[in-house]
Amino acid sequence: MTHDQTNSPHKSSLQAIPVVRLMQQEDAENWDAFVMSCPEATFFHRSGWKTVIEKAFGHKTHFLLAESEGIILGVLPLAEVKSFLFGHSLSSLPFCVYGGIAATNESARIALDQAAQQLAAKTNVDFLEYRNINTFHADWAGKDLYVTFRKAIDPDVEQNMLNIPRKQRAMVRKGIKNELVSVIDENTDRFFSVFAENVHRHGTPALPKRYFILLKSVFGQDCEVLSITKNGQVVSSVLTFYFRDEVLPYYAGDTLAARDLAANDFKYWELMRRSCERGYKIFDYGRSKRGTGPFDFKRNWGFEPQPLHYEYQLHRAKSVPEHNPLNPKYQLFIKAWQHLPLAVANLIGPHIVKNLG
């Protein structure tokens, strides 16, 4: 799994050939140092995802790195998902909104891409998936369903408030008037309680609680829970990732009481306010499906959608997978799930959702 290197910006490895191999435990520190310095890399390229995906879901991972003379030039985290219901896939990266190859030169990029395609053929998967921010394989099948929302955080707190469109700003001020309080939680317990309740109301299974515990354990201070309370009771909560100068609210949940209290808007304002005061520069509102409530909510906050380029090399599959709640064939399942007792849903849900990613 090698490729000749040309036009490399690294003079010391100008004549060398990048070699692709699996990341080992002793590579984790250098892998993460590369991710922090590579402009193409994201939080979801961090080595910790290997531990999270393996321990939370039991999926086999293939974290590939391209190196020359001991210097990492590119990385590609992959996970292999096998499911009776949803098929067999190789993806970068399930449970992550961004992925694909992060590299500092084309030789490393090509070598990693070739290695991934060879691995997909060897493992006999239905498809190989890259969750790219930018187009890479325009010749592959694609999915024009997801967008992301990113915006600069103004260094002045009050200016960020003024930058929120008037109607949504009124909701934030309503939350303030309702004397809501934001609190940083040390664990994921309160977050999970409202998250699980929230997704159940929408008819989808919740990810397992151990997944969130692992996220907090593996990523430490770069994974934070902000909960919103009213009279000491949690009504809304968000689990957020921090990467370089970016803040990424990633999982969130609300109780039924949150709507009348405007707790959802207040929650994101408090996260933005705190992030501004801590010097973060980019607010990444995350992925949403076109034509959904979360899509409209983020636009109402003044964020503009940016397309995500999810690309699929089809192997055994004949078409791009559509494993999402907008697929009409899942509507009966969604309605039935909403009527399950929450305790039952939380018990069997993780066995279903782990195969979706």
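Keep in mind that this is a model prediction, so the values were computed, not measured. (Residues numbered from 1 in each chain as written. Predicted model: local features only at pLDDT ≥ 70, side-chain atom pairs only at ≥ 80, totals over all residues. Heavy atoms only, no water.)

J.: Account for the pairing of strand β4 (residues 87–92), with residues named and values stated.
T.: Burial analysis of β4 places six of its six residues in the buried class, the great majority of the element. In β4, alternate side chains face the same way, and those of Gly87, Ser89 and Ser91 on one face and His88, Leu90 and Ser92 on the other are all buried. With five bridges connecting them, strand β3 (residues 71–83) and β4 associate as antiparallel partners. In the sheet register, alanine 79 faces β4, and the bridge partner there is serine 91. As consecutive antiparallel partners, β3 and β4 are separated by three residues. (Buried < 20%, exposed > 50% of the residue type's maximum accessible area, 1.4 Å probe, protein only. Helix = DSSP H or I, 4+ residues; strand = E, 2+ residues; numbered from the N terminus. Pairing = 2+ DSSP bridges.)

J.: Describe helix α3 (residues 106–123), and please don't skip the residues or the numbers.
T.: Between its first and last C-alpha atoms α3 spans 26 Å; for 18 residues at 1.5 Å apiece the expected length is 26 Å, and the two agree. Residues of α3 that are buried include every one of Ser107, Ala108, Arg109, Ala111, Leu112, Asp113, Ala115, Ala116, Leu119, Ala120 and Thr123, and no others. The secondary structure elements touched by the buried residues of α3 are β1 (19–22), β2 (60–68), β3, β4, β5 (102–103) and β6 (127–132). For α3, the N-terminal cap is asparagine 105; the gap from its side-chain oxygen to the backbone nitrogen of serine 107 is 3.1 Å. (Expected span 1.5 Å × (residues − 1). Contact = heavy atoms within 4.5 Å. Polar contact = N/O pair within 3.5 Å; in protein donor to acceptor, adjacent residues only side chain to side chain.)

J.: If you had to explain unusual backbone geometry to someone new, which residues and values would you point to?
T.: For the peptide bond that leads from serine 92 to leucine 93, omega is 10 degrees, which places it in the cis range. Looking at where leucine 93 falls in the secondary structure, it is placed in the loop between β4 and β5. Phi at arginine 244 is positive, roughly 50 degrees, even though this residue is not glycine. Note that arginine 244 resides in the loop between β11 (233–243) and β12 (246–254).

J.: Report on the environment of glutamine 233, specifying residues and quantitative values.
T.: Mapping glutamine 233 onto the fold places it in strand β11. Along the backbone, glutamine 233 and arginine 190 are 43 residues apart, and their C-alpha atoms lie at a distance of 9.5 Å.

J.: Talk me through the packing of aromatic side chains; I want residue IDs and the actual numbers.
T.: Overall, the coordinates contain 40 aromatic pairs when judged by the stated rule. A ring pair is formed by phenylalanine 44 and phenylalanine 241, whose centres lie 6.0 Å apart and whose planes are at 80 degrees; its orientation type is edge-to-face. With phenylalanine 44 in the loop between α1 (28–37) and α2 (48–57) and phenylalanine 241 in strand β11, this pair connects stretches of sequence that are 197 residues apart. Both residues of the pair, phenylalanine 44 and phenylalanine 241, belong to the buried class. Geometrically, the ring pair formed by tyrosine 146 and tyrosine 310 is tilted, given 5.2 Å between the ring centres and 40 degrees between the ring planes. (Phe/Tyr/Trp six-rings, centres within 6.5 Å; stacked < 30°, edge-to-face > 60°.)

J.: Go over the nonpolar core with me, naming the residues and quoting the values.
T.: Here is a general trend for soluble globular proteins: nonpolar side chains tend to be buried in one another's company. Formed by 52 residues in total, the largest nonpolar core has its most connected members in Phe44, Trp49, Tyr211, Phe212, Leu215, Phe241 and Tyr251. Ignoring anything within four residues of it in the chain, the contact list for phenylalanine 241 reads Phe43, Phe44, Trp49, Leu215, Asp222, Cys223, Glu246, Val247, Leu248 and Tyr250. Counting 22 residues, the second largest nonpolar core, distinct from the first, contains Ile153, Val172, Tyr285 and Trp301. (Core = buried A, V, L, I, M, F, W, Y, C linked by side-chain atoms within 4.5 Å.)

J.: Tell me about empty space enclosed by the protein, residues and numbers included.
T.: All told, the structure shown has one cavity of 30 Å³ or more when counted by the stated rule. The calculated volume of the largest cavity comes to roughly 70 Å³. What lines the largest cavity is Lys151, Ala152, Ile153, Asn160, Asn163, Ile164, Met272, Phe283, Trp301 and Phe303. Among the elements of the structure, β8 (146–152) and α4 (157–163) are those that each provide at least two residues to the lining of the largest cavity. (1 Å grid on protein atoms, 1.4 Å probe; cavity = no way out; pocket = protein on both sides within 12 Å on 5 of 7 lines; lining within 4 Å. Points joined across faces, edges and corners; volume = space filled by probe spheres on them.)

J.: Any chance you could break down the side chain of aspartate 113 for me, citing the residues and the numbers?
T.: Mapped onto the fold, aspartate 113 is located in helix α3. The buried charged residue aspartate 113 lacks any salt bridge partner; its closest oppositely charged side chain belongs to arginine 109, at an N-O distance of 8.9 Å. Within the local environment of aspartate 113, its side chain forms a polar contact with the side chain of tyrosine 130, the two groups lying 2.8 Å apart. Only 2.7 Å separates the side chain of aspartate 113 from the side chain of histidine 137, close enough to count as a polar contact. (Lys, Arg positive; Asp, Glu negative; His and termini not counted. Salt bridge = Lys/Arg side-chain N within 4 Å of Asp/Glu carboxyl O.)

J.: Go over the layout of surface pockets with me, naming the residues and quoting the values.
T.: Empty pockets left among the atoms are what a rolling probe the size of a water molecule brings to light. Approximately 450 Å³ is the volume found for the second largest pocket. Lining of the second largest pocket is provided by 25 residues; of these, Glu40, Thr42, Asn132, Ile133 and Asn134 occupy positions nearest its centre. Broken down by secondary-structure element, the contributors of at least two residues to the lining of the second largest pocket are β8, β12 and β14 (305–307). Among the residues making up the lining of the second largest pocket, the classes are represented as ten nonpolar, nine polar and six charged. (Nonpolar A, V, L, I, M, F, W, Y, C, P; charged D, E, K, R; others polar.)

J.: Let's hear about the sheet that holds β8: which residues, and what values?
T.: The seven strands lie next to each other as β9-β10-β11-β12-β13-β8-β14, forming an open sheet whose pairing is mixed. Each having just a single partner strand, β9 (181–185) and β14 make up the two edges of the open sheet. Each adjacent strand pair in this sheet contributes to an overall mean axis angle of 35 degrees, direction not counted. The sheet contact formed by β12 and strand β13 (residues 282–289) spans two bridges and is parallel. Bridge pairing in β13 links glutamate 246 to isoleucine 282. Against the sheet, helix α9 (residues 263–277) touches β9, β10 (223–230), β11, β12 and β13, its axis set at about 40 degrees to β11. (Axes fitted to C-alpha atoms, helices over the stretch in contact; angles between N-to-C directions.)

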